[in-house]
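# Examination of the molecular architecture
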Amino acid sequence: MRGRPVELGLRRNWQQFALLVAINAFVGGMVGLERSILPVLAEQEFHVGSTTAVVSFIVTFGLTKAFTNLAVGRLLKRFSRRQLLIAGWLVGVPVPLIVIFAPSWEWIVAANGLLGINQGLAWSMTVNMKVDLVGPRRRGLALGLNEAAGYTAVAAAALASGLIADQYGLRPEPFYLGIAFAAFGLALSALFVKDTQPFVALESKLEKAEAGPTVADTVHRQRRLLAVNQAGFVNNLNDGLAWGVFPLFFLSRGLDLDRIALLAALYPLLWGVLQVGSGWISDVRGRTALIASGMFIQAAGIALAASVDHFRTWAVAVALLGLGTAMVYPNLLAVVGDLVEPAARASHLGIYRFWRDIGAAVGALGSGVLADAFGFAPALYTVAALTALSGLCYLFLQNQRDRRLLKTEVGVAL
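Residues numbered from 1 in each chain as written. Predicted model: local features only at pLDDT ≥ 70, side-chain atom pairs only at ≥ 80, totals over all residues. Heavy atoms only, no water.

### Details of the environment of Tyr151
Note the following rule: The helix count covers DSSP runs of H or I at least four residues long, the strand count covers runs of E at least two residues long, and both are numbered beginning at the N terminus. The contact criterion used is simple: two residues touch if any of their non-hydrogen atoms lie within 4.5 Å.
With respect to the helices and strands, Tyr151 occurs in helix α8 (residues 139-168). Along the primary structure Tyr151 and Gly29 are separated by 122 residues, whereas in three dimensions their C-alpha atoms are 8.1 Å apart. Not counting chain neighbours up to four residues away, the residues in contact with Tyr151 comprise Trp123, Pro268, Leu269, Trp271, Gly272, Gln275 and Tyr329.

### Comments concerning unusual backbone geometry
Of note, the bond from Arg171 into Pro172 is cis; its omega dihedral lies within 30 degrees of zero at -5°. Here Pro172 shows up in the loop between α8 and α9 (176-192). Backbone geometry at His47 places phi at a positive 55°, although glycine is not the residue there. Mapped onto the elements, His47 comes out in the loop between α2 (38-44) and α3 (51-54).

### Quick look at the confidence of the model for the protein chain
Basically, it comes down to this: By definition, pLDDT measures how confident the predictor is in each residue, and it falls between 0 and 100.
For the protein chain, mean pLDDT is 87; residues scoring 70 or higher make up 92% of the total. Averaged pLDDT values over the elements of the protein chain bottom out at 72 in helix α17 (residues 376-413) and peak at 97 in helix α5 (residues 81-92). Note that pLDDT drops below 50 for residues 209-216; the model gives that stretch 1 contact with residues more than four away or on any other chain. A low-confidence stretch, residues 401-414 (pLDDT under 50), is modelled with 4 contacts involving residues beyond four sequence positions or located in other chains.

### A closer look at the packing of α5 against α9
Any two packed helices are characterised by how steeply their axes cross, that is the angle between the axes, and by the distance between the axes. So the rule is basically this: Each axis is a line fitted through C-alpha atoms, and for a helix only the stretch in contact is used; angles between axes span 0 to 180 degrees, taken between their N-to-C directions. An angle counts as roughly parallel when it lies under 35 degrees, as roughly antiparallel when it exceeds 145, as roughly perpendicular when it falls between 65 and 115, and as oblique in every other case. Handedness of a helix crossing follows the sense of rotation of the near helix relative to the far helix, less than a right angle counterclockwise being left-handed and clockwise being right-handed. Ten residues, namely Ala, Val, Leu, Ile, Met, Phe, Trp, Tyr, Cys and Pro, are considered nonpolar, four, namely Asp, Glu, Lys and Arg, are considered charged, and the remaining ones, Gly among them, are considered polar.
At a closest axis distance of 9 Å, the pairing of α5 and α9 adopts a crossing angle of 160°. Judged by the angle between their axes, α5 and α9 are roughly antiparallel. Both α5 and α9 take part in a crossing whose hand is left-handed. Along its contact with α5, which presents Arg82, Leu85, Ile86, Trp89 and Leu90, the element α9 presents Phe181, Ala182, Gly185, Leu186, Ser189 and Ala190. Looking at the contact of α5 with α9, its residues break down into 8 nonpolar, 2 polar and 1 charged.

Here you go:
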C-alpha cells in the first residue's frame, strides 16, 4: 500500500483483501479441526461420561474468545491491527501440539483457552482490516467473503480431521493439519500483511462533513445495537449446540465417525459458501428481513434434527441450520459497521463479538446440562424455541422507530 494513494474500495485493494481472505481460511481451519472429533475424543480416549463435562472445552474457548474480543478496542490504542493479528497466531501455534501430547482432558480444555485467544485476535483483525479496506458501500459483501473463507475452512478441516481420525485414530494424525495451518497463517501475517489504519483515517475524514446524530437517532442506534447483540448471542448459542452436542447426539443414535464428520462439515460448509451471496444481497436489499428470516430457518433446522432419526433427514436439518446462519452471520457484523463511526468501529465490533461468543459458551454448557438432565431432544427443542424468539425480538427492536414515525405521520395527517 506504500507508494500509492490510500483509496477505499474492494477492487482498489483486492490484493491485500485476498491475502486477508487466505489468512482467515487458516484461522477457520484451526477451529474446524475440533468440530467433529473432540467430543468423541473426550468420550473414547479420556472417558469423560457427562455431556456437560465434554462441552467444557467449548465453554473455555467461548469465554476466552469473548473476553479477547472485548479487549480488542483497548488493545488497539496501543498496538496496530497487524501486530494483534501476528500476536493471535503466536498464541495459536502451541494449540495442536498440546492436543497431540495432552495426558488428560484438562490439558485439552486449557489448549482451547489458547485457541479462543487466537481466534479472538486473528479473526477479529481480519474482520476489521477488510471493513477498513472496502469502505461503507460493499461492507456486507466484504464480511460475507471474510466469513465464507473462515467457515468453508472450518467445514473442510472438520471433514478432513474426521476422515483422518476414522482411518488412523483420534490422535495425533488429525492435528498435524493444525501445525500446518498455524505455520502458514503466521508466515503470511508477518511477511505480507500491511496495517489498515490509514484507511480508517480516510473514512473518518470523509464522514466529517455529515451532520451529527440527533438524540432520537442515538437512542435508535442503541436499540438496534441491542437487537444485533442479542441475535449474535443466540446465533452462537446454536453453534455451541452444534459443535458440542450434535456429535454426541448423532453418536448416541449409532452413527459412525465418518458420517458424524460429514454432518459436522455440512453445516459450516453451507454457512461458509452462502455468506458471499447473503452479504451481497444485504448491501442491495437491506439486512433486517434477511437476518430475522435466517433466525427462523435456524430454529426450524434444530427442531427438525430433534424430531427425526435418519441420516438423510439430519443432513437436511444441518443444511437448514447452515443456510439460516449464512443469512445472519455476516450481516450482523455489517449492521454494527453501518451504525457506528469508523474510529469507534473496532471497539463496537469487539463488543458485539463478545456477546456473540459468550453465546457459544452458554449454548454448549446450557444444552449439555439440559441433555444430561432431560435427554438430547428436549435440549434441541429448547434451543430452537429460543432462536425463534430471538428472531422476533430482532424484528421488533429494528422496526420500532419506523412504527413510531408512521404513527406520528398519520396523526399529523389527521
